[in-house]
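# Commentary on secondary and tertiary structure
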Amino acid sequence: MTTSSLGLPLGTVTIVGLGLIGGSFALGLKANRLCREVVGVSRSEATLAKGLELGVIDRAEPDVEKAVRGADLVMLAAPIGTTEALLRKMAPALDGTTIVTDAGSVKGNVAAAAKAVFGSVPPWFVPGHPIAGSERSGVEAAKVDLYRNHKVILTPDNATDPQALRLVQRLWQAMGAEVLLMDVPQHDAVLARTSHLPHLLAFSLVDTLAKDNENQDIFRYAAGGFRDFTRIASSDPTMWHDIFIANRDSMLDVIDQFSAGLDQFRRAVEQQDSQALLGIMTRAKAARDHFTKMLAKRAYTKTMTEKNIVFTAHPGGEVKGSIRVPGDKSISHRSIMLGSLAEGVTEVTGFLEGEDSLATLQTFRDLGVTIEGPNHGQVKIFGVGMHGLLPPHGNLYLGNSGTSMRLLSGLLSAQAFDTVLTGDESLSKRPMGRVAKPLREMGAVVETEDKGTPPVRIKGGQLLKGIHYDMPMASAQVKSCVLLAGLYAQGETSVTEPAPTRDHTERMLRGFGYPVKVEGNKITLQGGGKLTATKIDVPADISSSAFFMVAASITPGADLILEHVGINPTRIGVINILRAMGGRLDVLNEREVGGEPVADIRIRYAPLQGIEIPEDQVPLAIDEFPALFIAAACAQGTTILRGAEELRVKESDRIQVMADGLKTLGVKADPTPDGIIIEGGPMGSGTIESHGDHRIAMSFAVAALRSQGDIQIRNCANVATSFPNFVELSRKVGMKLDVAEAGEQHG
Ligand code: S3P
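Residues numbered from 1 in each chain as written. Predicted model: local features only at pLDDT ≥ 70, side-chain atom pairs only at ≥ 80, totals over all residues. Heavy atoms only, no water.

## Brief notes about the pattern of salt bridges
To keep things clear, this is the line we draw: Basic side-chain nitrogens of Lys or Arg form a salt bridge, by our definition, when they fall within 4 Å of a carboxyl oxygen of Asp or Glu. Helix and strand definitions here come from DSSP, where helices need a minimum of 4 consecutive H or I residues and strands a minimum of 2 consecutive E residues; each element is numbered from the N-terminal end. Think of it in three bands: with a 1.4 Å probe and only protein chains considered, a residue is buried below 20% of the maximum accessible area for its type, exposed above 50%, and partly exposed in between.
For the structure shown, the criterion picks out 34 salt bridges. Taking the shortest distance from any N to any O, the salt bridge between Lys50 and Glu53 comes out at 3.6 Å. One end of the pair is Lys50 and the other is Glu53, both in helix H2 (residues 45-53) and three residues apart, which spans about a single turn. In this structure, the salt-bridge partner of Asp623 is Arg654, at a minimum N-O distance of 4.0 Å. Here the residue Asp623 occupies a position in the loop between strand E26 (596-604) and helix H22 (625-634), and Arg654 occupies one in helix H23 (residues 654-664), the gap between them amounting to 31 residues. The burial state of Asp623 is the same as that of Arg654; both residues are buried. Ionic contacts of the salt-bridge type, sharing partners, join the residues Arg430, Arg502, Asp623, Glu651, Arg654 and Asp693 into one network.

Take a look at the structure:
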């Protein structure tokens, strides 16, 4: 087309329809010098006069045909009900050199109008829709920056001239808008939900209340809620009339959906059904709180991890006082899972409000479970029973959490519906074949990617049978996955583990009244039983405590008490190893809380010695090695770790990433296939890449207590997955830690 010469600025741009949208487009063009002349067309002489007076347009032209003849670009911004008539009037003046775009809120009818006039949507017509506006209308309301930081959706089709598309795209971008492309039906369906239905409801609510004379008073007293909800009922009725009619099919669809939801709400109120009411509202609140995630149709998103949080840890800090670290991650996950499947209401205290356990919580909401909270660690789960989960609306997004994905794979394999489990970049690389294999032996239909990585696709409706599984690796997640599937399997399911791993699943199942037999390294249960709601007090996480155990152990003068720490014998490797290195740790006030042993732990500084770490301690300290490697770097002599190849498939390859970080600080650290050899010695300073692994980030923050200079640690946002208040507690005990957000995303 001859418009190939259309560089910016353009010559004449004609705006047909001079209201808020057209007027703001005109102002945006002029302010950004995107054209030499703006011509305005309107049926109303007063509007044209106002447009000239306000400097929105350079020239007024009441005749549409005359106004568009010879223009480089035409923006159709009149009410969408007039589109066909306007295109018909413009047609004789459009010779293919003029590009036409529009700003209509519905695209199906615009395409239909173009077809009616031209036989098909012409290549020079680029339909568009700026998602910006306000309840105010008219050229007086036009704003030069209306489109800045707003989205504009363009709906080209295969016939659209790419140059014309590019030009329209560039104009919007030059005004600061973000341009998205969609097809017409998708646009109309999405907009019916996100914009048209809310407007319809606002009009309807105000009309319903206003009809009743007595209700006039209500307006006088109506405060925030009414005002917020009904602001858009002041929008232009003509414009919205056209939109509702133009988008008829999608509107009917969403009105029906909404009416069904309202009926459900009505029933819940009528029957005073608290569980149903709370179910609707807690799901809605969670969805609203995670608005963008909900729009993306996924349970949970990576808002935090998208930020590149940088820690700068300074030397010279101290480690003193008494703190309680947040709740145990493993127990928090399991409390939601078993509480959801139980009969009755389970109350949890001390729940970890970290992103990993919140991913599990959100997943069960997506599976139809009503969950109140968390609120200061308190969660109330309205169990739905073993067979009460409902199919989710989309994929279940589990963020960074391997535990969620592996345990849920077992549980969801036994449900009547299909599910797809996805995760973030790190989780998407982690091995899931280890759970898919035994689940398939039980009769589950589970697919992963070729390398055994997520997404995990589970086909529901399978009848599972109990198996005996001899685990090839010591993994509590694999064990728990098989046991959770076993709850639904026919007959007996048993697992033997090559070395003891954390037994929270077994303990908690018993707490929910489900019999579990443990004989040596073999754990057995029968399928077909039921869980009964209970109370769960989650102890402080020994894995989070480990950073402070190491911090106090390496800092001269340190004296710290960690309160209410879970000291389950399958988790206390870190205490055993630090003691073997000469660490001074006292376990005080041992007690049992809800089936889990708990104690306060006092740690004082003591010079550490390098050791050969006994291999039987590896599964008992599996998450604590990054912190223990810092202790090894501060110890005298050599520390050798073997039999820990599992560390290579955690949130990062923790052997390699720790070795790289230690080397950056000048410590001799030699990785081996299944461990590492660390030579204690002075630590310098430097910048560490955590690879988005929470435990790597926290370990190097602790290292600064003994480094000679600052340690900068990149990509620390994932600390929020397991220890959201790590920085606050570190500062509380006297560590010197700064946090900043870098301007880039982590890769
Ligand atoms: C966990 C088990 C461990 C551990 C993870 C939590 C659990 O993983 O590393 O942080 O809650 O069951 P593996 O079972 O893969 O060793």
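Read on, since the account is not over.
## With respect to the side chain of Thr98
Stated precisely, the cut-off is as follows: The term polar contact refers here to a pair of N or O atoms within 3.5 Å; inside protein, the definition further demands a hydrogen-donor-capable atom paired with an acceptor-capable atom, and it admits residues adjacent in sequence only when both atoms are side-chain atoms.
With respect to the secondary-structure elements, Thr98 resides in the loop between helix H4 (83-90) and strand E5 (99-102). Polar side-chain contacts of Thr98 include one of 2.8 Å to the backbone oxygen of Ala71.

## Side note on the environment of Met175
Operational definition: Only heavy atoms enter the contact rule, under which two residues are in contact if any of them lie within 4.5 Å.
Among the secondary structure elements, Met175 is positioned in the loop between helix H6 (162-174) and strand E9 (178-181). Distance in space between the C-alpha atoms of Met175 and Ala78 is 20 Å, their sequence separation being 97 residues. When residues no more than four places from it in sequence are discounted, the contact partners of Met175 are Phe25, Gly28, Leu29, Asn32, Leu34, Tyr147 and Arg148.

## Describing helix H17 (residues 433-441)
Within H17, burial applies to Arg434, Val435, Ala436, Pro438 and Leu439. If you follow the buried residues of H17, they end up packed against helix H16 (402-413), strand E17 (445-447), strand E19 (468-470) and helix H18 (476-486). Once H17 finishes, Gly443 follows within two positions and takes phi at roughly 105°, a positive value.

## Considerations on the packing of aromatic side chains
Put simply, the test is: Pairing of aromatic side chains here covers Phe, Tyr and the six-membered ring of Trp, requires ring centres within 6.5 Å, and sorts the geometry by plane angle: under 30 degrees stacked, over 60 edge-to-face, intermediate tilted.
Under the definition given, this model contains 10 aromatic pairs. For the ring pair Phe311 and Phe726, a centre distance of 6.3 Å and an interplane angle of 25° mean the geometry is stacked. Of the two residues, Phe311 sits in strand E10 (residues 308-314) while Phe726 sits in helix H26 (residues 726-733), which places them 415 residues apart along the sequence. Note on accessibility: Phe311 and Phe726 belong to one class, buried. Grouping aromatic residues by their ring pairs yields a cluster made of Phe311, Phe547, Phe548, Phe723 and Phe726.

## A few points about the site of the ligand
Definition in use: By convention in this text, a residue qualifies as near a molecule or strand provided that one of its non-hydrogen atoms is within 4 Å of it. Surface accessibility follows the Shrake-Rupley procedure with a 1.4 Å probe radius. Residue values consider only the protein chains on display as shielding. A 1.4 Å probe that fits but cannot get out identifies a cavity on a 1 Å grid over protein atoms alone, an open set with protein on both sides within 12 Å along at least five of seven lines counts as a pocket, and a residue lines either if it has an atom within 4 Å of a point. Any molecule with more than half of its atoms within 2 Å of a cavity's or pocket's grid points is regarded as sitting in that cavity or pocket. When residue character is reported, Ala, Val, Leu, Ile, Met, Phe, Trp, Tyr, Cys and Pro are called nonpolar, Asp, Glu, Lys and Arg charged, and the others, Gly included, polar.
Around the ligand, a shell composed of Ser330, Arg334, Thr403, Arg406, Ser475, Ala476, Gln477, Arg502, Ile622, Asp623 and Lys650 is seen. Ser475 is positioned with one of its side-chain polar atoms (N or O) 2.8 Å from an oxygen atom of the ligand. Interatomic distance of 2.5 Å between a side-chain N/O atom of Asp623 and an oxygen atom of the ligand. Across the complex, the protein chains shield 95% of the 390 Å² of accessible surface that the ligand would expose by itself. Using a 2 Å cut-off from the grid points, one finds that the ligand occupies the second largest pocket. Taken together, the elements giving at least two residues each to the shell around the ligand come down to helix H14 (329-341), H16 and H18. Here the shell around the ligand is built from residues that sort into two nonpolar, four polar and five charged.

## Side note on the domain arrangement of the chain
The test is simple: Domain start and end points were adopted from an automatic or database domain assignment.
When its domains are assigned, the chain resolves into domain 1 (10-182), domain 2 (190-272), domain 3 (309-323 + 540-741) and domain 4 (329-537). One C-alpha centre belongs to domain 1, the other to domain 3; they are set 61 Å apart.

## Section: empty space enclosed by the protein
Any empty space left between atoms is shown by rolling a water-sized probe over those atoms. Formally: Grid points are joined across faces, edges and corners, and a volume is the space filled by probe spheres set on the points.
Counted under the stated rule, the structure contains four cavities of 30 Å³ or more. Lining the second largest cavity we find Leu76, Ala78, Ile80, Thr83, Asp102 and Gly104. A class-by-class count of the residues in the lining of the second largest cavity yields three nonpolar, two polar and one charged.

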